[in-house]
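Architecture at a glance
For reference, the chains in residue letters:
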Amino acid sequence: MELKVTGAAKNLRGTIRVPGDKSMTHRALLLGAMAGGASRLRGMMRAGVIDAMRDCLAALGVEIEKIDEEETLVHGRHWLSPDRILDCRNSGTTMRFLMGALAGSSVSATLTGSPRLSQRPMDRVAEPLRRMGAQIAGHNGSDQPPLQIAGSRLRGIEYDMPVASAQVKTAILLAGLHAEGRTLIHEPVASRDHSERLLRHLGVSVTNSNGTLHLEPIQAPLPAFEFVIPGDLSAAAFMVAAALLTPGSEIRVQNLGLNPTRTGLLNTMRRMGATIETSAITETAGEPTGELTATFSPLKGIEIQGEQVVSMIDEIPALAVVATQAHGETKIRGAGELRLKESDRLSGMTAELRKMGAQIEEHPDGLTIEGPTPLTGTRVHSHGDHRLAMALTVAGLLASGETIIADAEVIHESYPEFVTTLRSIGAELE
Ligand code: S3P
């Protein structure tokens, strides 16, 4: 599918909602599948990456029942050894979380995925899990998929994480739930803490003192739970970026997750001069939820480093587009992890934004972008990456002339309503 942006947008205005948070949906489905009883999820993300997790859990014997557009019941139970290979498709979260959850389970399973997923690092998960006693065998003696995991008796470890990664942290926590003895994890920089919040909500003892997590194993199955999943800030980021950069715009996003480990982009854009207001209204399963208003604002360039990058790890493609319109230089450093996502996001954004006329330099661990630069519509490519496709759509909304985003169907991986929502605030897309 090609997406055509017919010209520069004007006055993006309106009140929107975005899909349920991807990270929270993955965690809610998986912990619901492990729980004893039926958990009720409202507002979960329904998109490609979540289908990957749902289908893997179904193969483990877990019934996931769609009640209606809003509500899903997850019938947690003792897992069964699947009679088929579990296909994590292009979802790193699905594969890494399942590695952790399967390692200490009583079943054996094989995990596979897309060619891109098979190139992404799994040793960062396999290595600590093996120290816990996990039995994991990768392809040809490597740590690459297909990964065979034979559930076994694990022991708690003390682990110094070499990279800040919530996926790795979560895999270790999931394994630690069924290990003998407590698990300690030292994080170099705090990554998103949705797992800790949801586990605490379920009564698990997981505490954080000065960047060290302490997890006590559970003695009984996790209880079933209810979770109203708020909207995904990483999806909203594209709408916010479009509104900030389009004269005359003001958008309001309702029911949005505002977990402080996820709001790095908002803080960075405020430092660039953006008018963004947020108000937390409720808390659901320990997750602050509220509203956001973003208004067109003149922006200036900024420098961001590794620590800030972690709190906006999925938002760098959106920030790169924003930086093309900010006055002065934007330097992003300490972002080498972006090369290991659904695509190499540093080289992909550089190549595609350059085609539109942006002044952007690629570095081993980041980008330098000079602005403001008028963008010109042309044909760009998603690199098979949902976040690149959406960031380039925003770039198209700022460009003169027509922009075509090739292979844009990948947007359905995390935001099937993306085009409809953009149209609802006034963007012209075909
Ligand atoms: C995620 C963590 C991040 C992020 C991914 C979702 C999670 O990955 O990029 O989209 O839900 O824990 P890393 O932990 O590998 O940085």
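Residues numbered from 1 in each chain as written. Predicted model: local features only at pLDDT ≥ 70, side-chain atom pairs only at ≥ 80, totals over all residues. Heavy atoms only, no water.

1. Some words on the nonpolar core
In terms of nonpolar packing, the biggest core is built from 78 residues, with Met269, Leu353 and Phe418 touching the most fellow members. With 12 residues, helix H8 (residues 233–245) is the single largest residue contributor to this core. In contact with methionine 269, not counting residues within four places along its chain, are Val240, Leu244, Ala274, Ile276, Leu299 and Val322. By size, the runner-up hydrophobic cluster in this structure holds 70 residues, among which are Met24, Leu57, Phe97 and Ile136. (Core = buried A, V, L, I, M, F, W, Y, C linked by side-chain atoms within 4.5 Å. Buried < 20%, exposed > 50% of the residue type's maximum accessible area, 1.4 Å probe, protein only. Helix = DSSP H or I, 4+ residues; strand = E, 2+ residues; numbered from the N terminus. Contact = heavy atoms within 4.5 Å.)

2. A few points about the domain arrangement of the protein chain
Splitting the protein chain by domain gives domain 1 (3–20 + 230–424) and domain 2 (22–228). Taken residue by residue, the interface counts 31 residues in domain 1 and 29 residues in domain 2. Buried surface at the junction of domain 1 and domain 2, both sides included, amounts to about 2500 Å², of which 50% is carbon and sulfur. Three residues, Ala285, Glu342 and Glu413, lead the burial of domain 1 against domain 2; their summed loss comes to 21% of the area buried on that side. Summed over the shared surface of domain 1 and domain 2, the result is two salt bridges. Across the pair aspartate 314 and arginine 192 runs a salt bridge, and its minimum N-O distance is 3.4 Å. Elements that contribute at least two residues to the side of domain 1 that touches domain 2 include exactly strand S19 (287–295) and helix H10 (306–310). The class makeup of the residues in the side of domain 1 that touches domain 2 is 10 nonpolar, nine polar and 12 charged. (Domains from an automatic or database assignment. Buried area = accessible area lost by both parts, 1.4 Å probe. Salt bridge = Lys/Arg side-chain N within 4 Å of Asp/Glu carboxyl O. Nonpolar A, V, L, I, M, F, W, Y, C, P; charged D, E, K, R; others polar.)

3. Quick notes on the sheet that holds strand S8 (residues 135–137)
Spatially, four strands are ordered S6-S7-S9-S8 in an open sheet, and the strand pairing comes out mixed. The open sheet terminates on both sides in strands that have one partner only, identified here as strand S6 (86–87) and S8. Examined bridge by bridge, S6 and strand S7 (residues 108–112) share two bridges and lie parallel to one another. In the strand pairing of S7, leucine 86 is matched with leucine 111. (Pairing = 2+ DSSP bridges.)

4. Comments concerning the side chain of serine 165
Tracing the chain through its elements places serine 165 in the loop between strand S11 (158–160) and helix H6 (166–177). Separated by 3.1 Å, the side chain of serine 165 and the backbone nitrogen of valine 168 make a polar contact. Not counting residues within four places of it along the chain, the set of residues in contact with serine 165 comprises Arg124 and Ser191. (Polar contact = N/O pair within 3.5 Å; in protein donor to acceptor, adjacent residues only side chain to side chain.)

5. So, the pairing of strand S23 (residues 366–371)
Both faces of the sheet carry side chains from a regular strand, because those side chains alternate between them. Here S23 lies mainly inside the structure; five of its six residues are buried. Bridge count for strand S21 (residues 328–332) against S23 is five bridges, and the pairing is antiparallel. By the bridge assignment, threonine 330 is partnered in S23 with isoleucine 369. Bridging between strand S22 (residues 359–363) and S23 involves five bridges; their strand directions are antiparallel. If you follow glutamate 361 over to S23, its bridge partner there is threonine 368. Hairpin remark: S22 followed by S23, antiparallel, with two residues in the connecting loop.

6. Some words on the sheet that holds S21
Strand order in the open sheet formed by four strands is S20-S21-S23-S22, with mixed pairing between adjacent strands. Because the sheet does not close on itself, it has two edges, and the strands there are strand S20 (303–304) and S22. Its contacts with the sheet put helix H11 (residues 316–324) on S20, S21 and S23, and the angle it makes with S23 is roughly 25°. (Axes fitted to C-alpha atoms, helices over the stretch in contact; angles between N-to-C directions.)

7. Some words on the pattern of salt bridges
Counted under the stated rule, the structure contains 30 salt bridges. In this structure, glutamate 430 engages lysine 4 in a salt bridge whose closest nitrogen and oxygen atoms are separated by 3.4 Å. With a gap of 426 residues between them, glutamate 430 in the segment after helix H14 (418–424) and lysine 4 in strand S1 (residues 3–5) connect regions that are remote in the sequence. Of the charged contacts, one joins aspartate 232 and arginine 262 as a salt bridge, the two residues approaching to 3.0 Å between their closest N and O atoms. Of this pair, aspartate 232 sits in the loop between strand S16 (226–228) and H8 while arginine 262 sits in the loop between strand S17 (250–257) and helix H9 (264–271), placing them 30 residues apart in sequence. An identical accessibility class is assigned to aspartate 232 and arginine 262; each is buried. Connected through shared salt-bridge partners, Arg192, Asp314, Glu342, Arg345, Asp385 and Arg387 make up one network.

8. Points about the environment of proline 230
Relative to the helices and strands, proline 230 is located in the loop between S16 and H8. Since its relative accessible area comes to 1%, proline 230 is described here as buried. In this structure, the C-alpha to C-alpha distance between proline 230 and proline 188, residues 42 residues apart in sequence, is 28 Å. Setting aside chain neighbours within four positions, we find proline 230 in contact with Pro19, Gly20, Asp21, Met24, Asn255, Leu256, Gly257, Thr284 and Thr289.

9. A look at H6
Here H6 is 12 residues long and its end C-alpha atoms lie 16 Å apart, about the 16 Å a rise of 1.5 Å per residue gives. With 12 of 12 residues buried, H6 lies mostly within the body of the structure. Along H6, the residues that are buried comprise Ala166, Gln167, Val168, Lys169, Thr170, Ala171, Ile172, Leu173, Leu174, Ala175, Gly176 and Leu177. (Expected span 1.5 Å × (residues − 1).)

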